[in-house]
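Structural description and commentary
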Amino acid sequence: MDTKIQVKNRLTAAFSENQKPLLNIYFTAGYPALNDTLPVLRALQNACVDMVEIGMPFSDPLADGPVIQRSSEIALENGMTIKGLFEQIKDMRKEIHIPVLLMGYINPVLRYGIEKFCEDAAAVGIDGVIIPDLPVREYMEDYEEIFQKNNLSNIFLVTPHTSPERLKLIDDHATGFIYAVSTDSTTGNTKDIKQQEEYFSRLKGSKLKNPLMIGFNVRDKESFAFATNYAKGAIIGSAFVKAITGSKNLEKDIDVFIKGIR
Amino acid sequence: MNFTVDENGFYGSFGGAYIPEMLFPNVEELKDKYLKIMNEESFITEYNNLLKDYVGRPTPLYFAKRLSEHFKANIYLKREDLCHTGAHKINNTLGQILLAKRLGKRRIIAETGAGQHGVATATVCALMGFDCIVYMGEIDMERQKPNVERMKMLGATVVPATSGSKTLKDATNEAIRDWINNPSDTHYIIGSVVGPHPYPDMVARFQAIISKEVRAQLKEKTGSENPDYVIACVGGGSNAAGAFFHYLNEKDVKLVAVEAAGMGIDSGYSAATTFLGKPGVLHGSKTLLMQTADGQIVEAHSISAGLDYPGIGPIHSHLFETGRAEFLAITDKEAFKAAVLLSKLEGIIPALESSHAIASMAKLNLKPSDTVVVNLSGRGDKDLMTYITRKEEFLKD
């Protein structure tokens, strides 16, 4: 018997209400400058992005390529912490209505305390969390209940090598969406996702209960359009972080970048 | 109390496989197959033959008479420094390359700090004709130039890790990133008892040859398989895991793990993880880690590039938590002096890593009747530049 409670939040609503391909943008908290988190979030909403992932910087982000690594390094130098991030976004729901996710690695979350992290995330209006190095087994045994109690979606990754059995297990325990990593790579690689048609078609035909979002190596209009043929939406990270690096006018540069995608 | 790994890869509350999904198939394949392959007769025969004829095993268990007089105990040195390539690291790389061959992987990646694991990996890749890419922190490449040249001469590509602290931790990150980008044809030879399950257990098993030999050799020399103490240095902890392995459940054998205190435990320049660390997750396993209050990993410091890792293997965290092993910390200066002491008393120039284990004997209340085995994990050639350039600083009182 399935005893799990179905998480209903802005994220799940976004998938049920939108028919057009969804655009999810990743950016690192506290980058380019410490207090840019909320301005970037605001500019992304103004540019009509459908959802955002705020990266919680970590000293050893092993699934990330050089662009996000560097942004994390700078954010940490700027003084960004999880506590600081919650402080920066504590009133965001007064103006931000799109779904907001947190993405980061497990160690800083464990230090913060996983229960407190979930409670504080829920309190500021976070809808879901992506922790690439939190494995499904550990999540199921130790954390699933805490996530559900706080109405937080937990987003799992799948890759071209994820077996059908494992895909089913992940689908059973994911809430919100499943993050389909486009190719075997770290973030910000230049592998061509057009060669992944077979994998994307296979995923699309898998009859998953969760919607799919494709990420990694999605960087421009063309790759976004291709990916969203097979999924509800796509995620852009490194290309966006690169676009705001050195920006003199975040609002304008973010608007130009997003308009260039769709 | 159980000191070996459980079916989920945990030693008590430490261990596991905290890896991104991108690595799951590789790690799962390894987990499913490593024990089966290691127990195959053809594997055992090939491994043992190479250990004997290529590595030069068994390494001697040497009774160090003058060192014994100095510390007033019966001290035996397990001479892993006499292994081919100059350290115990070859035991593991040889095992893993044979495993990689059976898994059909022909491209090998590795991380290295002091360069000993990189050299050992480059060596076995040359032996098998496999491609070899070694990630090494930019700073470590500078301070361990001879080992960089050795790796290149053996046909390996040495790639500098330029992110973060530019040392072993970052070389490990880069190797993991390479593996994520090349999951099908590549095997990652991790050099210590760190990383996701099954690495800590697999590496410990390959290094267990050390305590297996010690037991037989000690029996022959003293009539008893069990010493009073087994002492080994701990960075990640592979030589210690090997030296302790067959003694884990021998309660009357005291296990002593020696960490690098660097410039002093509270100096801000240390690698003494059990003194400074908190539980956390790095490089795929839950273990004790040196980290900030916000969970950012801090840079470790030791005069020995092989010990400046901000964590220890999960097995050692468990041995620490349960009190099965005693953990001591030795400063750069104490280690340096111990290296000179061993050189002058026994004609053996040790690696700076192993010098930490030698120095620790001054802090144990050894009795004249005690039998002590110190794992001399590597030889000091690679540290000669440090010995030359820092002599004045460390030998003055």
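Summarised in this report is the structure supplied together with it. None of these values were measured; they are calculated from a predicted model.

Take the pairing of strand E7 (residues 212–215) of chain A next. Residue and element names in this part refer to chain A. Judged by which residues are buried, E7 turns out to be covered on both faces: Leu-212 and Ile-214 on one side and Met-213 and Gly-215 on the other are all buried. Both strand E6 (residues 178–181) and E7 contribute to a ladder of four bridges, which runs parallel. Bridged to Ala-180 within E7 is Ile-214. Crossover handedness for the path E6 to helix H9 (residues 197–204) to E7: right-handed. Looking at chain direction, E7 and strand E8 (residues 233–236) are connected through two bridges and run parallel. Pairing of Met-213 across the sheet is with Gly-233, part of E8. Handedness of the crossover joining E7 and E8 through helix H10 (residues 221–227): right-handed.

Structurally, the α-helix is built with 3.6 residues per turn, so residues lying three or four positions apart point the same way. Residues and elements named next belong to chain B. Burial in helix H7 (residues 145–153) covers these residues: Asn-147, Val-148 and Met-151. Along H7, the residues classed as buried sweep out an arc of 105° about the axis, all on the same side. Where H7 is buried, its residues touch strand E5 (107–112), helix H5 (116–128), strand E6 (131–137), helix H6 (138–143) and strand E7 (157–161). Two residues or fewer after H7 comes Gly-155, characterised by a positive phi angle close to 100°.

Many analyses report the size of an interface as the accessible area lost when the parts associate. Of the residues lining the interface, 37 residues belong to chain A; the matching set on chain B comes to 37 residues. With both sides pooled, the region where chain A packs onto chain B buries about 2900 Å², and carbon together with sulfur makes up 53% of that total. A per-residue breakdown of the area chain A buries against chain B is headed by Asp60(A), Leu62(A) and Arg111(A), which together make up 23% of the total. Where chain A touches chain B, the interface holds two salt bridges.

Both faces of the sheet carry side chains from a regular strand, because those side chains alternate between them. Residues and elements named next belong to chain B. Side chains Thr-186 and Tyr-188 of strand E8 (residues 186–189) all project onto a buried face; the interleaved residues His-187 and Ile-189 project onto the opposite face, where all are buried too. Here E5 runs beside E8; their pairing, made up of four bridges, is parallel. Across the sheet, residue Ala-110 finds its bridge partner in E8, namely Ile-189.

Procedures and definitions
- Residue numbers restart at each chain and count upward from 1, following the sequence in its written direction.
- Lettering for chains starts from A, numbering for ligands starts from 1, and both go in the order in which the items are written.
- Totals for whole chains, interfaces and linings use all residues, but because this is a predicted model, local features are given only for residues with pLDDT of at least 70 and pairs of side-chain atoms are given and counted only at 80 or more.
- In computing side-chain values, all of the structure's heavy atoms are included and hydrogens and water are not.
- Buried means the residue's accessible area, taken with a 1.4 Å probe over protein chains only, is under 20% of the maximum for its type, while exposed means over 50%, and partly exposed covers the values in between.
- What counts as a helix is a DSSP run of H or I of at least four residues, what counts as a strand is a run of E of at least two, and both are numbered from the N terminus.
- Any two strands with at least two DSSP-identified bridges between them are counted as paired.
- By the criterion used throughout, a crossover qualifies as right-handed when its path from the first strand across the helix to the second strand runs clockwise, the strands pointing away from the viewer.
- The arc in question is traced by the directions running from the helix axis to the C-beta atoms.
- Working rule for contacts: check all heavy atoms of both residues, and any pair within 4.5 Å makes them a contact.
- Once two parts are joined, some of their accessible surface, as seen by a 1.4 Å probe, is lost; buried area is that loss totalled over both.
- Basic side-chain nitrogens of Lys or Arg form a salt bridge, by our definition, when they fall within 4 Å of a carboxyl oxygen of Asp or Glu.

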